[in-house]
Amino acid sequence: MSFLSKLLFKNKTQEITAAESGSILIKGEELKRSVNEVFGRSLFVRLVDSGSCNACENELAALSNPYYDLERFGIKFVASPKHADVLIITGCVTRNMLNPMLKTYENIPSPKFVITAGDCPESGGPFKDSYSVCGPVSKYLNVAVHISGCPPEPETIVSGFLKFMDMMKSS
Amino acid sequence: MNKIMLNKHNIESSDFINLTDNIKASGKYLLGIAAADERSLNSKYAVRYFFGGGGGNIDEYCVNADESFQSISKICPAAKMYEREIYDLFGLLPTGHPDLRPLMLYPENWDSSVHPLRKDYNNLTPEMKKYGEYKFKEILGEGIFEILVGPVHAGIIEPGHFRFSLAGEPVLQLEVRHFWKHRGIEKVCEGKDFKEGLDLVSKISGDNNVNITISYLEAVENLLNIEIPKRAEYIRVILAELERIWNYVRDIAWIFMDIGFALPAQSLFALQEELMRLNKILTGHRFLFNSLTIGGVNSDLDSAKLKTIENTVKKVENIIKDCEEFILNSSTVLDRLEFTGKINHKTAEELSLCGISARASGLSRDSRIEFPYLIYDKLNLKPVLHDGGDVFARTVLKIKEIYVSKKIIEDLLFNLPEGDIAVACGNKPEAYKYAIGNSETSRGNAFFYIMADDNGKIFRLKYIDPSFRIWPSIQYGVLGNIIADFPLINKSLNLSYSGNDM
């Protein structure tokens, strides 16, 4: 059990974040305030990968690691679209994923919003000239905020959420 | 420069099925099948079979075809998926194939007359409507029920459909339906130059882009007749091993997550974050995108960077050692990992697995050792094997591989040769010459077949991802296991959807 006790007492999450991710704390606190205000303390997010290279998913998953720990700011990735407020879409929208993507969107209760992350959903990225790609996402759904980057870094995604919250507050 | 010998054989399609038996008996295994539309050259399609093993050479058997070719799936089950793929994309019928359901061109979206990899197919926007329905395999009987999972999963992962048939908790059958993310990369690459191809290839599977790119560059630099500087070879290997380490750290973290040990899991996720930040320091990108170029590498490693790498890999080793001790001494961890998701030696052999999945089932398959590239032949690597075939074996091997990678990196850091990091490449490839490239990613063998056209552009590019070879094995690994162990088995293989779907 020495491994667990070492981790418990020597490697605190708070220590990591204060020392290495100061800017995340500032952005996160701001995010938390607006999520509290607009979404009643919880913004639930569902992800659909419509044909990415898996780098965007890695970065979205990284938001849950101790450096970022997005849940403490009130943002949670949920398993079912029925629980979600926001749909994040990554990837270039392949023909085979078009239907599942639209069905996921349909199953989110209103009001609902779409955020696209990464360069592919906006333009099709390097795959736009393919017989098998039918993006961009904006052809099918109304995109509230786009987070660019290939892939967007976790901190860029947090900034994207901030932009989205600003939009929500002003509308 | 490519060190692999390619032995080429031209044969008749009808003879090949008999020959396959002999090839298998000689200890060789299927690395992949690449078809190409070469009607503009000799009015035929070419189907090339690549076999490896039994000494560092690769055997290529080329069969010419008009409308059909002989299926070898009955003798070599590993060929099954490739033949279905060729039937979809080229419309060549593999005669005698037991299962000709469409693979990536879903009948729900695609007209069955569409064969996009034929050279005369140019329609980028075929009509989108429902043309038919895919038939899943069914098990019938009293008390048997189905669980359908995906394509959109509960977690932050890629899409894929899994259909379980169960009697109580144990799984009777699993059918995996993939290719939701089929992006048609091979067709997009055609007519592009090698530089544009590099950008596309690095986005086949983002988390393994360095190793996949190395494989691509092995083939391209062979075609262009480029010898890259020693320093560039060393840096490529260092980056490749760093990528392998961060992949395995993440994989082990997910194993802990799935068995309910959040604390070690989060500690490893934090370590993964540190490794990705190291990547950013070294090359300016967290996934090492665009760090390699034709003829060398894009960013040099100065002494400060080398020091940072050294410190980080030391830290990784210490934490992973603690993890290993914890896994080996905790009965609750062992209880979940041991005997779960067992892939037998025979199954692994018949499906021609590669990478960790093969080595965990006792097959000595590591491209760095079998078909060495860059400077791997000088590193005296020994294959790290386990004969358990279960989740435990795969997890332990990932830990051991981290130690191996750490040692490789340290050896190279202290012996980095001076000199340039890239050479200029003005050469043009010979018209209609082809080359192969291979490398070992964190999942297994990444294999490229590339043919140039008479303008120095890509005529045909075929990439075989390790995940494409390994995915079918999960359908055997889960049999008899309880459904609740499926996520764990899936994570222990941690295969790529994007690399598989292409």
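Residues numbered from 1 in each chain as written. Chains lettered and ligands numbered in written order. Predicted model: local features only at pLDDT ≥ 70, side-chain atom pairs only at ≥ 80, totals over all residues. Heavy atoms only, no water.

A count of helical and extended segments in chain B gives 17 helices and 14 strands. In terms of principal-axis extent, the alpha carbons of chain B reach across some 65 × 60 × 45 Å. When each of the 502 residues of chain B is scored for burial, the buried share is 64%. Within chain B, residue pairs in contact and separated by at least 24 positions form 69% of the contacts whose partners lie at least 6 positions apart. Within the structure as shown, chain B displays about 17700 Å² of accessible surface, and the carbon and sulfur contribution to it stands at 51%. Computed over 59 positive and 68 negative side-chain charges, the separation of the two mean positions in chain B equals 2 Å. (Helix = DSSP H or I, 4+ residues; strand = E, 2+ residues; numbered from the N terminus. Buried < 20%, exposed > 50% of the residue type's maximum accessible area, 1.4 Å probe, protein only. Contact = heavy atoms within 4.5 Å. Areas by Shrake-Rupley, 256 points an atom, 1.4 Å probe, with all protein chains shown as cover. Lys, Arg positive; Asp, Glu negative; His and termini not counted. Charge placed at Lys NZ, Arg CZ, Asp CG, Glu CD.)

Glancing now at the sheet that holds strand β14 (residues 458-464) of chain B. Residues and elements named next belong to chain B. Overall, antiparallel pairing links the three strands, which are arranged β12-β13-β14 in an open sheet. The two strands at the open ends of the sheet, each matched to only one other strand, are β12 (434-440) and β14. Within the sheet, the average angular offset between the axes of one strand and its neighbour, ignoring direction, is 15°. As defined by bridge partners, strand β13 (residues 445-452) adjoins β14 across six bridges and the pair is classed as antiparallel. Residue Y449 lies in a different strand from β14, and its bridge partner there is K462. (Pairing = 2+ DSSP bridges. Axes fitted to C-alpha atoms, helices over the stretch in contact; angles between N-to-C directions.)

A word on the side chain of B:S299. In this structure, B:S299 sits in the loop between β11 (296-297) and α9 (303-329). Not counting the four nearest positions on each side in its chain, B:S299 is found in contact with B:I235, B:L282, B:T283, B:S291 and B:I421.

Right, let's get into the interface of chain B and chain A. Each partner contributes to the interface: chain B provides 62 residues, whereas chain A provides 53 residues. Taking both sides of the interface into account, the surface hidden between chain B and chain A amounts to around 4600 Å²; carbon and sulfur atoms contribute 61%. It is B:I156, B:R183 and B:R277 in chain B that bury the most area against chain A; as a group they hold 15% of the surface buried on that side. In this structure, the connection of chain B to chain A is made through three salt bridges. Seen at the junction of chain B and chain A, the total is 29 residue pairs in polar contact (both at pLDDT 80 or more). Within the residue set of the side of chain B that touches chain A, elements represented by two or more residues are α4 (185-189), α7 (230-258), α8 (262-283) and α9 of chain B. Counting residues per element, the side of chain B that touches chain A draws most heavily on α8(B), which supplies twelve residues. Split into classes, the residues belonging to the side of chain B that touches chain A amount to 33 nonpolar, 13 polar and 16 charged. (Buried area = accessible area lost by both parts, 1.4 Å probe. Salt bridge = Lys/Arg side-chain N within 4 Å of Asp/Glu carboxyl O. Polar contact = N/O pair within 3.5 Å; in protein donor to acceptor, adjacent residues only side chain to side chain. Nonpolar A, V, L, I, M, F, W, Y, C, P; charged D, E, K, R; others polar.)

All names here are of chain B. Taken domain by domain, chain B comprises domain 1 (6-128) and domain 2 (185-500). A straight line from the C-alpha centre of domain 1 to that of domain 2 covers 26 Å. Counting residues at the interface gives 35 residues for domain 1 and 23 residues for domain 2. Both faces combined, the contact of domain 1 with domain 2 buries some 2500 Å², and carbon together with sulfur accounts for 63% of it. Viewed at the interface, domain 2 and domain 1 are joined by three salt bridges. Close ionic contact of E350 with K24 constitutes a salt bridge, the shortest N to O distance being 2.9 Å. Put simply, domain 1 and domain 2 have 13 residue pairs in polar contact (both at pLDDT 80 or more) between them. Looking at the side of domain 1 that touches domain 2, the elements with two or more residues in it are β1 (6-11), β2 (29-38), α2 (39-42), β3 (44-52), β4 (58-65) and α3 (80-90). (Domains from an automatic or database assignment.)

A word on the sheet that holds strand β5 (residues 143-147) of chain A. Strand pairs in the sheet, formed through backbone hydrogen bonds, run parallel or antiparallel to each other. Residue and element names in this part refer to chain A. Overall, parallel pairing links the five strands, which are arranged β2-β1-β3-β4-β5 in an open sheet. Edge strands, defined here as strands with exactly one partner in the open sheet, are β2 (75-77) and β5. Each strand axis lies, on average, 30° off the axis of its neighbour in the sheet, ignoring direction. Direction of pairing for strand β1 (residues 43-49) relative to strand β3 (residues 86-90): parallel, over a ladder of five bridges. Among the inter-strand pairings, R46 is bridged to a residue of β3, identified as L87.

Moving on, we come to the pairing of strand β8 (residues 161-167) of chain B. Looking down a regular strand, the side chains alternate between one sheet face and the other. All names here are of chain B. Here β8 lies mainly inside the structure; six of its seven residues are buried. For strand β7 (residues 144-149) and β8, the ladder comprises six bridges, and the chain directions are antiparallel. Bridging across to β8, E146 finds its partner in S165. Connecting β8 to the antiparallel partner strand β9 (residues 171-177) that follows it, the hairpin turn spans three residues, and G168 within it adopts a positive phi of roughly 75°.

We now examine the pattern of salt bridges. Residue and element names in this part refer to chain B. Counted under the stated rule, the structure contains 48 salt bridges over all chains. Taking the shortest distance from any N to any O, the salt bridge between E108 and R177 comes out at 3.3 Å. Placement of the pair is E108 in the loop between β6 (93-95) and β7 and R177 in strand β9, with a sequence separation of 69 residues. According to the relative accessible area criterion, R177 is buried, its value standing at 6%. Residues R443 and D207 are paired through a salt bridge, measuring 3.0 Å at the closest nitrogen-oxygen approach. Linking R443 in the loop between β12 and β13 with D207 in the loop between α5 (194-201) and α6 (209-224), this pair joins segments that are 236 residues apart in sequence. D207 shares its class with R443; the two are buried. By sharing partners, the salt bridges in this structure join E241, R244, R359, D366, R368, E401 and E440 into a single network.

For α3(B), the tally of buried residues reaches eight of eleven residues, placing the bulk of the element in the interior. In the segment just after α3(B), B:G91 is the residue with positive phi, at about 70°.

Moving on: the pairing of β2(B). Residues and elements named next belong to chain B. Burial within β2 is extensive, with ten of its ten residues counted as buried. Alignment of β2 against β3, held across nine bridges, turns out to be antiparallel. When the sheet's bridge partners are listed, E38 is paired in β3 with K44.

Now for the packing of aromatic side chains. Residue and element names in this part refer to chain B. Taken as a whole and judged by the stated rule, the model has 29 aromatic pairs over all chains. Considering the side-chain rings of F16 and Y49, the 4.4 Å spacing of their centres and the 45° angle between planes classify their relative orientation as tilted. Of the two residues, F16 sits in helix α1 (residues 13-25) while Y49 sits in strand β3, which places them 33 residues apart along the sequence. Taken as a pair, F16 and Y49 share a single burial class, namely buried. Seen in terms of ring centroids, F16 and Y61 are 5.5 Å apart; in terms of plane orientation they differ by 40°. Their pairing is tilted. Taken as a pair, F16 in helix α1 and Y61 in strand β4 lie far apart in primary sequence, 45 residues in all. In terms of burial, F16 and Y61 fall into one category: buried. These aromatic residues form a ring-pair network of at least three members: F162, F164, W471, F486 and Y497. Between the NZ or CZ atom of R163 and the centre of the ring of F136, over which it lies, the distance is 3.6 Å. (Phe/Tyr/Trp six-rings, centres within 6.5 Å; stacked < 30°, edge-to-face > 60°. Lys NZ or Arg CZ within 6 Å of the ring centre and 35° of its normal.)

A word on helix α15 (residues 466-477) of chain B. Residue and element names in this part refer to chain B. Between its terminal C-alpha atoms α15 stretches 17 Å, which fits the 16 Å expected from twelve residues at 1.5 Å a residue. Counting buried positions along α15 yields ten of twelve residues, so the element is predominantly enclosed. Within α15, the full set of buried residues consists of P466, S467, F468, R469, I470, W471, P472, S473, I474 and G477. (Expected span 1.5 Å × (residues − 1).)

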